[in-house]
Amino acid sequence: QVQLVESGGGLVQAGDSLRLSCAASGRTFKTLNMGWFRQASGKDREFVARINWSGSSTYYGDSVKGRFTISRDNDKNTVTLQMNSLKPEDTAVYYCAARSYTRPVAIRPSEYDYWGQGTQVTVSS
């Protein structure tokens, strides 16, 4: 079983930056492909970014490309989402997710096996 705990959310103004972290436990972190998703009120969960087990491959959703950066530290069992140039439409609960590295990297929520509890990000205009 994998436990994921997100942190770093908060209230910021448009144009600001925020850094989210996700700490993983319960399984060797290098055996997990990781992803970030978000869910705004009344909307479906949306893919934000994903990174493979080694950190050599990343992929971003169109709405965050060029503004957000996903990275991981396999020694510290953490995955990070650096969010720059935040916009009000980035307001959502952000979730960290994991799936086994033996399966291909994925961008659909249904393809992930483990989820954190989420952290709220609110961007005011």
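In case you missed it, the structure is sitting above this.
Residues numbered from 1 in each chain as written. Predicted model: local features only at pLDDT ≥ 70, side-chain atom pairs only at ≥ 80, totals over all residues. Heavy atoms only, no water.

### Brief notes about the overall build of the protein chain
Point 1. The helix and strand inventory of the protein chain stands at zero helices and eleven strands.
Point 2. Reading the helices (α) and strands (β) of the protein chain from amino to carboxyl end gives β-β-β-β-β-β-β-β-β-β-β.
Point 3. A compact globule built from 125 residues should have a C-alpha radius of gyration of about 14 Å, and the protein chain, at 13 Å, falls within 12% of that.
Point 4. Over its C-alpha atoms, taken along the principal directions, the protein chain stretches across nearly 40 × 25 × 25 Å.
Point 5. Here the protein chain holds 125 residues, and the buried ones make up 42% of them.
Point 6. For the protein chain, contacts bridging at least 24 residues in sequence account for 59% of all contacts bridging at least 6.
Point 7. Total accessible area on the protein chain is roughly 6,200 Å²; 45% of this is exposed by carbon and sulfur atoms.
Point 8. The protein chain carries 15 positive and 11 negative side-chain charges, and their two centres are separated by 5 Å. (Helix = DSSP H or I, 4+ residues; strand = E, 2+ residues; numbered from the N terminus. Rg over C-alpha atoms; globule rule 2.2 N^0.38 Å. Buried < 20%, exposed > 50% of the residue type's maximum accessible area, 1.4 Å probe, protein only. Contact = heavy atoms within 4.5 Å. Areas by Shrake-Rupley, 256 points an atom, 1.4 Å probe, with all protein chains shown as cover. Lys, Arg positive; Asp, Glu negative; His and termini not counted. Charge placed at Lys NZ, Arg CZ, Asp CG, Glu CD.)

### Remarks on the state of the cysteines
Point 1. Counted by the stated rule, this structure contains one disulfide.
Point 2. A sulfur-sulfur separation of 2.1 Å characterises the disulfide bridge that pairs Cys 22 with Cys 96. Judged by the sign of its S-S torsion, about -75 degrees, the cystine formed by Cys 22 and Cys 96 is left-handed. With Cys 22 in strand β3 (residues 18–25) and Cys 96 in strand β9 (residues 92–100), the pair connects residues that are 74 residues apart, well separated along the chain.
Point 3. Cys 22 gets classed as buried once you look at its relative accessible area, which sits at 1%. (Disulfide = S-S within 2.5 Å.)

### Notes on the pattern of salt bridges
Point 1. What the rule picks out here adds up to six salt bridges.
Point 2. Across the pair Glu 46 and Arg 38 runs a salt bridge, and its minimum N-O distance is 2.8 Å.
Point 3. Judged by relative accessible area, which is 32%, Glu 46 ranks as partly exposed.
Point 4. Arg 38 gets classed as buried once you look at its relative accessible area, which sits at 5%.
Point 5. Among the salt bridges present, the one from Arg 67 reaches Asp 90, with a minimum N-O distance of 2.7 Å. Taken together, the residues Arg 67 in the loop between β6 (58–60) and β7 (68–73) and Asp 90 in the loop between β8 (78–83) and β9 connect sequence positions 23 residues apart. (Salt bridge = Lys/Arg side-chain N within 4 Å of Asp/Glu carboxyl O.)

### As for the pairing of β3
Across a regular strand the side chains alternate sides, sitting on one face of the sheet and then on the other.
Point 1. Alternating positions in β3 separate cleanly, Leu 18, Leu 20, Cys 22 and Ala 24 being buried on one face and Arg 19, Ser 21, Ala 23 and Ser 25 remaining unburied on the opposite face.
Point 2. Here five bridges tie strand β1 (residues 3–7) to β3, and the two strands are oriented antiparallel to one another. Looking across to β3, one finds that Ser 7 is bridged to Ser 21.
Point 3. Sheet topology note: the β3/β8 ladder contains six bridges and is antiparallel. Along β8, the bridge assignment pairs Arg 19 with Gln 82. (Pairing = 2+ DSSP bridges.)

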